[in-house]
Amino acid sequence: MKGCLGEMGFNKSGGKINWFPGHMAAATRAISRRLKLSDLVIEVRDARIPLSSANDDLQPMLSEKKRVIALNKKDLANPNIMHRWIRYFDSCRQECLPINAHSRSSVQKLLDLVELKLKELITREPTLLVMVVGVPNVGKSALINSIHQIALSRFPVQQKMNRATVGPLPGVTQDIAGYKIAHQPSIYVLDTPGVLVPSIPDIETGLKLALAGSVKDSVVGEERIVQYLLAVLNSRGTPLHWRHLIGRESEGLHHELDDKPEYNLKDLLPKRRKPPNKSDIYYIEDMVSEVQRTLCTTLSEFNGSLEDEDNLETLIDQQFEALQSALKIPYKASEARTMVSKKFLTLFRTGKLGPFILDDVPDASDSAS
């Protein structure tokens, strides 16, 4: 059951999914042309889906280039599993570095690695081209902007550069643009639009991409994405790790927050000029704990088999109903399941439910493939 969660009934009956927007097909052709001119490629992937966020169509061409695989959003990925992924990529002879594109020190380490790999070329080439590629919404534009800030501090005399466009929706950067980041030799970083593979090999890969935000929610449907996420969490027994929260009152958490740094609530709270106050923090943290308690309780009390598709779907339906209460959504709301799905997705994507890696590390025997 674990290996075919994408084939569950709620997906089979969900209709055909058009994964591949038209403008990305043109972008793929443009990237292929630019790749031939590049000296090094930074392939940005989502650290939560290190394999599913690869662009299979470009892999043959990328393998012929000097390349660094940047596993972005490492703060959202399970650190206890990340080292296994690094070993896996090492066994494939692929340079890999987990990063946080919003962290200056993290991006600095990436640039140091890039310069190290370009060291031989730097001595004989006056101009070097570094290309950033990846599927939508893995953080390419955020990485480019961080690189710009570092470049400006290194070379303040250079001409003012335009920032790459950053947005919350996949495929927002639709033009290929170049930025000069260094002198002597001149090094240019090209930002490219994210390109999703034209044919996703299986629906589970597509659902992982949707869950990570690389496919617009409207393409798949929020409820469908959350059904898949709950199937994954339940099959892995993840909610049982939250057993310590059962019977614990929400108010008991308040005093524990006093000595902790404030959480980044930008994606969870309405936009505001002033920083969130403690009541906002308490509200979010209490909601997260209530959601975790709810999932743990429903799974603990479940008497069916997680290996049976019908039983698992029954459990997921029960969890939707329980989450409606945990997320304080009115029972008479006409779009209750959609509202549950949107809130639950936000908690997952912002790391409030904890760090996860959705892809399974391949066996050693698969490393050569």
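Definitions and limits used
Residues numbered from 1 in each chain as written. Predicted model: local features only at pLDDT ≥ 70, side-chain atom pairs only at ≥ 80, totals over all residues. Heavy atoms only, no water. Helix = DSSP H or I, 4+ residues; strand = E, 2+ residues; numbered from the N terminus. Expected span 1.5 Å × (residues − 1). Buried < 20%, exposed > 50% of the residue type's maximum accessible area, 1.4 Å probe, protein only. Arc of directions from axis to C-beta. Contact = heavy atoms within 4.5 Å. Polar contact = N/O pair within 3.5 Å; in protein donor to acceptor, adjacent residues only side chain to side chain. Pairing = 2+ DSSP bridges. Right-handed = clockwise from strand over helix to strand, strands pointing away. Phe/Tyr/Trp six-rings, centres within 6.5 Å; stacked < 30°, edge-to-face > 60°. Lys NZ or Arg CZ within 6 Å of the ring centre and 35° of its normal.

- The name given to the protein in an unreviewed UniProt entry is Mitochondrial GTPase 1-like, and the organism recorded there is Nicotiana sylvestris.

## Regarding helix 4 (residues 79-91)
Alright, step 1. With 13 residues, helix 4 should reach 18 Å at 1.5 Å per residue; the first-to-last C-alpha distance of 19 Å fits that figure.
Alright, step 2. Every buried residue of helix 4 is accounted for by Met-82, Trp-85, Tyr-88 and Phe-89. Burial along helix 4 is one-sided: seen end-on, the buried residues are contained in an arc of 115°. Seen from the buried face of helix 4, the exposed residues on the opposite side, beyond 90 degrees, are Asn-80 and Arg-87.
Alright, step 3. Buried residues along helix 4 sit in contact with strand 1 (40-46), strand 2 (66-72) and strand 3 (96-98).
Alright, step 4. Where helix 4 starts, the residue carrying a side-chain oxygen 2.9 Å from the main-chain nitrogen of Asn-80 turns out to be Asn-78.

## Considerations on the pairing of strand 2
Alright, step 1. Counted residue by residue, strand 2 has 6 buried out of 7 residues, so it is predominantly covered.
Alright, step 2. When strand 1 meets strand 2, the two strands line up parallel, connected through 7 bridges. Note on strand 2: the bridge partner recorded for Val-41 is Arg-67.
Alright, step 3. Where strand 2 lies against strand 3, 3 bridges are found, and the strand directions are parallel. Paired with Ile-69 across the two strands is Cys-96, which belongs to strand 3.
Alright, step 4. Running through helix 4, the crossover from strand 2 to the neighbouring parallel element strand 3 is right-handed.

## Quick look at unusual backbone geometry
Alright, step 1. Backbone geometry places Arg-93, a non-glycine residue, at a positive phi of 60°.
Alright, step 2. Residue position: Arg-93 is located in the loop between helix 4 and strand 3.
Alright, step 3. When its relative accessible area of 81% is taken as the criterion, Arg-93 is described as exposed.
Alright, step 4. Its identity is not glycine, yet Lys-328 carries a phi of approximately 60°, on the positive side.
Alright, step 5. For Lys-328, the position within the fold is in the loop between helix 12 (309-326) and helix 13 (336-349).
Alright, step 6. For Lys-328, a relative accessible area of 56% puts it in the exposed group.

## Observations concerning the packing of aromatic side chains
Alright, step 1. For the structure shown, the criterion picks out 4 aromatic pairs.
Alright, step 2. The interplanar angle of 85° and the centroid separation of 5.7 Å between the aromatic rings of Trp-85 and Tyr-88 together place this pair among those described as edge-to-face. Residue Trp-85 and its partner Tyr-88 are located together in helix 4, separated by 3 residues, close to a single helical turn.
Alright, step 3. When its relative accessible area of 0% is taken as the criterion, Trp-85 is described as buried.
Alright, step 4. An aromatic cluster is built from Trp-85, Tyr-88 and Phe-89, whose rings are joined through pairwise contacts.
Alright, step 5. Sitting over the ring of Phe-320, Arg-337 keeps its end group 4.0 Å from the ring centre.

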